[in-house]
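Coordinates in review
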Amino acid sequence: MALMKPTLLIVDDHAAFRSLARRLLTAGGFEVVGEAADGHAAIAAVPQLRPDVVLLDIQLPDIDGFDVAARLRDGEAEPVVVLISTRDRADYGPRVERCGARGFIPKDELSAAAIRSLLGATG
Amino acid sequence: MNPRLRLALALAALAGGLVNLALLLLTDHGRSEPLVYLLLAILGVSWSFVAAGLVAWSRRPRNRTGALMVAVGLAFALNGLRLVDTPLGFTLWFLVATLPAAVLAHLIAVFPDGHPTTRLQRVFIAANYAATVPLALVQLLLVEPAQLDCDICPDGLLGIGGARPYGDAVLAVVGLIDVALGLLLLWILVARWRGASRPRRRILAPVALVGMVLAVLYAIRAALLAVVSRPAPLDVGFDLAILTLLMLWPLGFLAGLARIRLDRSAVGDLAIQLSETQPPGRLEQALARALHDPTLKLVYWLPDRHAFVDAAGRQVELPAAAGDRAVTIVRHGDTPVAAMVHDPALDDDPELVRAVAATAQMTIENERLQAEVRAQLEEVRASRARIVEFGDAERRRVERNLHDGAQQRLVNLSLALGIARSQVGTGSDEELAAALDEAATELRRVLTELRELARGIHPVILTEAGLGPALASLAERSSVPVAVAAVPPDRLPPRVEETAYYVASEALANATKHAGATAVTISARRLDGELLVEVSDDGVGGANPEGSGLRGLADRVAALDGCLRVDSPAGAGTRITAELPCAW
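What counts and what doesn't
Residues numbered from 1 in each chain as written. Chains lettered and ligands numbered in written order. Predicted model: local features only at pLDDT ≥ 70, side-chain atom pairs only at ≥ 80, totals over all residues. Helix = DSSP H or I, 4+ residues; strand = E, 2+ residues; numbered from the N terminus. Buried ≥ 20, exposed ≤ 12 C-beta atoms within 10 Å, placed from the backbone. Contact = placed C-beta atoms within 7 Å. Core = buried A, V, L, I, M, F, W, Y, C linked by C-beta atoms within 7 Å. Domains from an automatic or database assignment. pLDDT = per-residue confidence, 0-100. Nonpolar A, V, L, I, M, F, W, Y, C, P; charged D, E, K, R; others polar. Pairing = 2+ DSSP bridges. Axes fitted to C-alpha atoms, helices over the stretch in contact; angles between N-to-C directions. Parallel < 35°, antiparallel > 145°, perpendicular 65-115°, else oblique. Left-handed = near helix turned anticlockwise from the far one by under 90°. Arc of directions from axis to C-beta. Right-handed = clockwise from strand over helix to strand, strands pointing away.

Let us now look at the overall build of chain B. The number of helices and strands found in chain B is 19 helices and 10 strands. For chain B, with 584 residues in total, the buried portion stands at 35%. A separation threshold of at least 6 residues defines the contact pool for chain B, and within that pool the share at least 24 residues apart is 70%.

Here's what the structure looks like:
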């Protein structure tokens, strides 16, 4: 990770948000390898793109982020999942911990540093 | 029934009987003693049927049973023709001799309706009458007069002519026809009894019993006549037994009428019962008892709704007109008040049904009003529940719109600011950097406030994770320490969870804002099919249950058929308790 930029997949149904997040995180030292607009597209993309991090919105149009995280945990790739939402973490209760995600970042607090701090939390 | 007609029929029966008696006394042609007894018995049967028939006719003018009984009695009087010892008298008697039995069989077959109700009954009645005069005519033509009626018979009018070789065969066929008719009548009676309901059997019982014995006796006699050639003593014995039973048969019918009079006393019992206070639904039981119909249902007419409802106020459809249930509408003047849905057998005694309905009319009217109020309450309750449900759905929609709309746009703005800030290098334009930082901070505040607002409109955690996590989250965000003492382990119906949450959040808001509490305890426990939500604080107490917040909460709880209690003595804290049924 020290030599290569960590790769990242952005999963969110708002195109404007994906675009802004891509610019923000690319500037912050991440390599954004893909985007997905819903849960099923994300699950399909992960084995192909094998990102180090999946930035995963909780409120998706098909299945919610918790389900996507749980399915990714059971898959081969096992990327680090970081949940994001316009809402607060307190709005979702214990499901955030149970789904297997590394952590939660409110969308307005999203930054490369915030993700790095989660990645660094367990190594 | 017209009194003149009644008098005329009674006089006809009396005259017929007297003519018979006169013939008996004035003529003496060496008749055997049994024949005298037979004629006296026939006279008794005639008068007995006419008398009972007139009573039945006047009691139930629309039912032809009474008329048929009178017809049986008058037909029996025709037997006197047998005493006229002339060829004409004998011929006339022989032609009509089987008519009394035929009318009687008709009466038995259609009792108590007075008219045939099945195809089998119609076939029987037609065959029954075809076997009277026409068959007698055939016998007169084809059988020797001596074979027709033993020693006392003169030659009939038609008894002139040559030899009649088919006499025995004709008599055997006549005997077989009698057996077949007897068995068919028995079949009709058995089928009718088996298919009869309890009230109908009460009416059938006294008559059906005698009718069945008679049918058996007729069948046996006819069978004997077909096998053994005219066993005179046995024949007379059968006739006497049958006639004795026939004399008793109208008495049995009168006994049935007496039973109906006993039912009138049941109407009296009903009146006494109705004078006592009855809980809803008991009136229906009382009417069912008085009419001996345990299946009876009482429904009430609601003019506003143009519909019938039961005692609990639930709408009920009346059964179709030609179905296996009958309907009697109870009216007050011309206005329908209620309807009794009952066994169609009760239509046989419309007077009793009317008497019961009239006796219970006031109580029925009272219960109808109560049912109307209950129906209105049910409607109000349902409408209140719908209003709360609609309100909750609207709250969810508004929260979702905020989340997908304004909040998302502000988040995008925040990211854009972050990108802009990252592109302003350190030290290149400090003023711009500071302005961007300030804008970002302000935006974060706006988003935080917007989140609080959205959460107040609808807490997403409640739908996402359930009541337990929602209460825990409420406690975490509270400015005073909150202990969540108990939460239900499983998810509950959404409306129950939402109401429980709003009880807790409103009580917590009161404790924080108005009561100056320093500690609050929330518990939500399942107890006997209810969710018991308790919120207690150590504040100043004195909360006003009629204040808008608590009043609204009480309404929301009542919409779920629950109840809210506020215990808030001044200076001793506040305890708010909500009991919520979990059946929603």
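Regarding its fold elements, chain A presents five helices and five strands. Starting at the N terminus and ending at the C terminus, chain A contains elements arranged as β-α-β-α-β-α-β-α-β-α. Of all 123 residues assigned to chain A, the portion counted as buried reaches 41%. For chain A, the share of sequence-separated contacts (at least 6 apart) that also reach a separation of at least 24 residues comes to 61%.

In this section: the nonpolar core. In globular proteins that are soluble, nonpolar side chains generally tend to be buried together. Ranked by size, the top nonpolar core spans 80 residues in total, and within it B:Val72, B:Val103, B:Leu107, B:Leu185, B:Leu287 and B:Val356 carry the most contacts. Looking at this core element by element, the count peaks at 11 residues for helix α2 (residues 33–59) of chain B. Of the residues that make up this core, three or more belong to each of domain 1 (3–262) and domain 2 (279–373) of chain B. Dropping the residues within four chain positions of it, B:Leu185 is found in contact with B:Ala105, B:Ile108, B:Ala109, B:Phe124 and B:Ala215. Judged by nonpolar contacts, the second largest core, of 72 residues, contains A:Leu9, B:Ala500, B:Val520 and B:Ile576.

Residue and element names in this part refer to chain B. Per-residue confidence for chain B gives a mean pLDDT of 81, with 88% of residues at or over 70. A low-confidence stretch, residues 150–154 stays under pLDDT 50, and its non-local contacts, those more than four residues away or across chains, total 11 contacts. Our summary of model confidence lists the complex with pTM equal to 0.55 and ipTM equal to 0.89.

What follows is about the interface of chain A and chain B. Taken residue by residue, the interface counts 22 residues in chain A and 23 residues in chain B. Split into classes, the residues belonging to the side of chain A that touches chain B amount to 10 nonpolar, five polar and seven charged.

The next subject is the sheet that holds strand β6 (residues 482–486) of chain B. Residue and element names in this part refer to chain B. Read from one edge of the open sheet, five strands run β6-β7-β8-β10-β9, paired in mixed fashion. Looking at which strands have only one partner, the edges of the open sheet turn out to be β6 and β9 (563–567). Ignoring strand direction, the axes of neighbouring strands in this sheet form an average angle of 10°. Pairing of strand β8 (residues 530–537) with strand β10 (residues 574–581), which is carried by eight bridges, proceeds in the antiparallel orientation.

On to the packing of helix α5 (residues 99–110) of chain B against helix α6 (residues 119–130) of chain B. Residues and elements named next belong to chain B. Relative orientation of the contacting elements α5 and α6 amounts to 175°, with a least axis distance of 9 Å. Relative to α6, the element α5 is oriented roughly antiparallel. Seen from α5, the contacting residues are Ala102, Ala105, His106, Ala109 and Val110; seen from α6, they are Gln121, Phe124, Ile125, Asn128 and Tyr129.

Below, the discussion takes up the pairing of β10(B). For a regular strand, the rule is simple: side chains alternate between the two faces of the sheet. Residues and elements named next belong to chain B. Residues Thr574, Ile576, Ala578 and Leu580 point to one face of β10 and are all buried, whereas Arg575, Thr577, Glu579 and Pro581, pointing to the other face, are not buried. Note: β9 against β10, five bridges, orientation antiparallel. For leucine 564, the partnering residue across the bridge sits in β10 and is alanine 578. The turn joining β9 and β10, which pair antiparallel and follow one another in sequence, is formed by six residues; a positive phi near 80° is taken by glycine 571.

The subject of this paragraph is the packing of helix α7 (residues 133–142) of chain B against helix α9 (residues 167–194) of chain B. Residues and elements named next belong to chain B. Running from N to C, α7 and α9 point in directions that differ by 165°, and their axes come no closer than 9 Å. Judged by the angle between their axes, α7 and α9 are roughly antiparallel. You can see that α7 and α9 cross each other, and the crossing is left-handed. Across the interface between the two elements, Leu135, Val138, Gln139 and Leu142 from α7 touch Gly167, Val170 and Val174 from α9. Looking at side-chain class alone, the contact of α7 with α9 contains five nonpolar, two polar and no charged residues.

Residue and element names in this part refer to chain B. Every buried residue of helix α13 (residues 350–359) is accounted for by Leu352, Val353, Val356, Ala357 and Thr359. Take α13 and look down its axis: the buried residues cluster within an arc of 165°, on one side only. Seen from the buried face of α13, the exposed residues on the opposite side, beyond 90 degrees, are Glu351, Arg354 and Ala358.

Another aspect to go through is the pairing of strand β7 (residues 520–527) of chain B. All names here are of chain B. Here β6 runs beside β7; their pairing, made up of four bridges, is parallel. When the bridges of β7 are listed, alanine 486 appears paired with serine 523. One crossover worth recording links β6 to the parallel β7 by way of helix α18 (residues 494–513), and it is left-handed. As paired elements, β7 and β8 share eight bridges and run antiparallel to each other. Among the inter-strand pairings, valine 520 is bridged to a residue of β8, identified as aspartate 537. What sits between the antiparallel neighbours β7 and β8 is a turn of two residues, in which aspartate 528 has the positive phi angle 50°.

Once that is clear, we can look at the environment of B:Leu140. Residues and elements named next belong to chain B. On the secondary structure map, leucine 140 appears in helix α7. Its 18 C-beta neighbours within 10 Å are what place leucine 140 among the partly exposed residues. Distance from leucine 140 to glycine 167, taken between C-alpha atoms, is 9.6 Å for residues 27 residues apart in sequence.

Let's shift gears to the sheet that holds strand β3 (residues 315–316) of chain B. All names here are of chain B. Ordered in space as β3-β2-β1-β5-β4, the five strands form an open sheet in which the pairing is antiparallel. One side of each edge strand has no neighbouring strand; the edge strands of this open sheet are β3 and β4 (326–332). Both strand β1 (residues 297–302) and strand β5 (residues 335–342) contribute to a ladder of four bridges, which runs antiparallel. Pairing of tyrosine 300 across the sheet is with alanine 338, part of β5.

A few words on the environment of B:Pro61. Residue and element names in this part refer to chain B. Here proline 61 shows up in the loop between α2 and α3 (65–77). On the basis of neighbour count, proline 61 is assigned to the exposed category, with 12 C-beta atoms found within 10 Å. In this structure, the C-alpha to C-alpha distance between proline 61 and asparagine 2, residues 59 residues apart in sequence, is 9.5 Å.

Residues and elements named next belong to chain B. Phi is positive for histidine 306, close to 55°, though the residue is something other than glycine. Structurally, histidine 306 is set in the loop between β1 and β2 (307–309). A positive phi angle, close to 65°, is found at aspartate 561, a residue other than glycine.

This paragraph deals with helix α2 (residues 39–49) of chain A. Residue and element names in this part refer to chain A. Taken together, the buried positions of α2 are occupied by Gly39, Ala42 and Val46. In a view along the axis of α2, the buried residues occupy a sector of 45°, so they form one face of it. Exposed side of α2, more than 90 degrees from the buried face: Ala44, Pro47 and Gln48 are the residues found there. Packing partners of the buried residues in α2 comprise β1 (7–11), β2 (31–36), β3 (53–57) and α3 (65–74). Two residues or fewer after α2 comes arginine 50, characterised by a positive phi angle close to 45°.

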